[in-house]
Amino acid sequence: MKQKEILLMMFMGQSNMAGRGNKKEAPLLIPGAGYEYRAVTMPDGLSVLKEPFGENENNEKGVTEPGMKTGSMVSAFVNACYMETGIPIVGVSCAKGGSSIAEWMPGTPYYMDAVERMKRCEDWLINHDYDIKYKGMVWCQGCTDGDLQTPLYRYKMDTVKFIESYCQECGIETCFLIQIGNHRDNRMLYVPIQQAQAELAEENERIILVSDQLKTFADRGLMKDEFHYLQKGYNLIGEEAGRNTGKYIVYSGTVKRAV
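These remarks concern the structure in this document. Residue indices begin from 1 for each chain and proceed along its sequence in written order. A pLDDT threshold of at least 70 governs which residues receive local features in this predicted model, and a stricter bar of 80 or more applies before side-chain atom pairs are shown or counted, although totals over entire chains, interfaces and linings include all residues. As a rule here, side-chain values cover all heavy atoms of the structure and leave hydrogens and water aside.

A short note on the packing of helix α2 (residues 74–85) against helix α7 (residues 231–251)
Now for step 1: Contact pair α2 / α7: the axes reach a minimum separation of 7 Å and the direction vectors enclose 30 degrees. Compared by their axis directions, α2 and α7 come out roughly parallel. Between α2 and α7 lies a crossing of right-handed hand. Here α2 contributes A76, F77, A80, C81, E84 and T85 to the contact with α7, which in turn contributes N235, G238, E239, A241, G242, R243, T245, G246, K247 and V250.
Now for step 2: Among the residues forming the contact of α2 with α7, the class breakdown is 6 nonpolar, 6 polar and 4 charged. Only the stretch in contact is used when fitting a helix axis, every axis being a line fitted to C-alpha atoms; angles between N-to-C directions are given from 0 to 180 degrees. The helix count covers DSSP runs of H or I at least four residues long, the strand count covers runs of E at least two residues long, and both are numbered beginning at the N terminus. Note that the term roughly parallel is reserved for angles under 35 degrees, roughly antiparallel for angles over 145, roughly perpendicular for angles of 65 to 115, and oblique for everything else. Left-handed describes a crossing whose near helix is turned anticlockwise from the far helix by less than a right angle; the clockwise case is right-handed. Any pair of residues with heavy atoms lying within 4.5 Å of one another is described as a contacting pair. Each residue is assigned to one class: nonpolar for Ala, Val, Leu, Ile, Met, Phe, Trp, Tyr, Cys and Pro, charged for Asp, Glu, Lys and Arg, and polar for all the others, Gly among them.

Side note on the environment of D185
Now for step 1: You can see D185 is positioned in the loop between β6 (174–178) and α6 (191–203).
Now for step 2: Taking the C-alpha atoms as reference points, D185 and D225, 40 residues apart in sequence, are found 9.0 Å from one another.
Now for step 3: Each polar contact in these results corresponds to two N or O atoms within 3.5 Å; when the atoms are within protein, one needs to be able to donate a hydrogen and the other to accept it, and residues that are neighboring in sequence are counted only if both atoms are side-chain atoms. A distance of 3.0 Å separates a polar atom in the side chain of D185 from a polar atom in the side chain of R184.

Things to note about unusual backbone geometry
Phi is mostly negative for residues that are not glycine, and the peptide bonds are mostly trans.
Now for step 1: Cis rather than trans, the peptide bond between E51 and P52 has omega equal to 0 degrees.
Now for step 2: Secondary-structure assignment places P52 in the loop between β3 (42–48) and α2.
Now for step 3: One non-glycine residue, D129, lies in the positive phi region at around 65 degrees.
Now for step 4: The residue D129 is located in the loop between α3 (109–127) and β5 (130–140) in this model.
Now for step 5: What makes D129 partly exposed here is its relative accessible area of 22%.
Now for step 6: Although it is not a glycine, Q149 adopts a positive phi angle of roughly 55 degrees.
Now for step 7: By the element assignment, Q149 lies in the loop between α4 (143–148) and α5 (152–170). Throughout this description, buried means an accessible area under 20% of the type-specific maximum (1.4 Å probe, protein chains only), exposed means over 50%, and partly exposed covers the range between.

Side note on the packing of aromatic side chains
Now for step 1: Any two of the Phe, Tyr and Trp rings considered here, Trp counted by its six-membered ring, make a pair once their centres fall within 6.5 Å; the pair's planes then place it as stacked at under 30 degrees, edge-to-face at over 60, or tilted in between. One pass over the full model with this rule turns up 15 aromatic pairs.
Now for step 2: The interplanar angle of 80 degrees and the centroid separation of 5.9 Å between the aromatic rings of Y111 and Y166 together place this pair among those described as edge-to-face. Taken together, the positions of Y111 in helix α3 and Y166 in helix α5 put the pair 55 residues apart, joining distant regions of the chain. The exposure classification of Y111 matches that of Y166, with both residues buried.
Now for step 3: Put simply, the rings of W104, Y110, Y111, W139, F162 and Y166 pair up and form one aromatic cluster.
Now for step 4: Only when the NZ of Lys or the CZ of Arg is both within 6 Å of the ring centre and within 35 degrees of the ring normal is a charge said to sit over the ring. For the cation-ring pair, K4 lies above Y130, with the distance from its terminal atom to the ring centre recorded as 4.2 Å.

Quick look at the sheet that holds strand β1 (residues 4–13)
Now for step 1: With respect to topology, 7 strands assemble into an open sheet ordered β3-β2-β4-β1-β5-β6-β7, the strand pairing being mixed. Of all strands in the sheet, those bounded by a partner on one side alone are β3 and β7 (207–211). The mean inter-strand angle of the sheet, taken between neighbouring strand axes irrespective of direction, is 30 degrees.
Now for step 2: Its contacts with the sheet put α7 on β1, β5, β6 and β7, and the angle it makes with β7 is roughly 140 degrees. Note: two strands are recorded as paired if DSSP finds a minimum of 2 bridges between them.

Quick word on the pattern of salt bridges
Now for step 1: Salt bridge criterion: a side-chain nitrogen from Lys or Arg within 4 Å of a carboxyl oxygen from Asp or Glu. Within this structure, the stated rule accounts for 13 salt bridges.
Now for step 2: E122 is the salt-bridge partner of K135, the closest N and O atoms lying 2.8 Å from each other. Taken together, the residues K135 in strand β5 and E122 in helix α3 connect sequence positions 13 residues apart. Each member of the pair K135 and E122 is classed as buried.
Now for step 3: Among the salt bridges present, the one from R154 reaches D158, with a minimum N-O distance of 3.4 Å.

Printed below as a string of structure tokens:
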């Protein structure tokens, strides 16, 4: 029996990864482009990916935010990535609004939950004859650390520690980084974290910056409040990040584009 090729992607970070948009304005998924593995609510199968992605994936001992996920960038990301690779994505949601990088350190509840969700998905896929061609994580986090004015050396050090530990523990090849945007009413507040993230991508081969467009959205009227974006914004960022992720996966030679 021929194995079914997929890309396994963890979608992680805080509220702008979780999604605070409007599911009705999200793009329809290209047929066959992606599936959601619901590690909490339906660990024995795959669901066709749809918005709100990860809506009910709440673990009281880890990542939980009931009723908060309303529409994300993930559908747009999956469509764009699939257009580049021709290989479906199996996505796993593990994003928590308002989370600081300190809350993702190895051994914390969020970290352990993310590891468990990833490994549960991987085990299910392997046991059901899927060929995992690539394992990655898509990461968008940092606004809370901007609010907290986390020292930049600490933010960078903790982010590297988290990503390196998580990737090693879960066998993930790449962290696809989406740079955070600006606070709507204080445009300079998050600039230091944005700079730190740009430096992380320059300094660490495992971290690939796939979108820095969010920082333009405040000036473009694409924010719904001080921190979050309209669904149009999530669609734009998902499309850019997904396209760049797919190109990286193909052109790095890790996988060949499916015919």
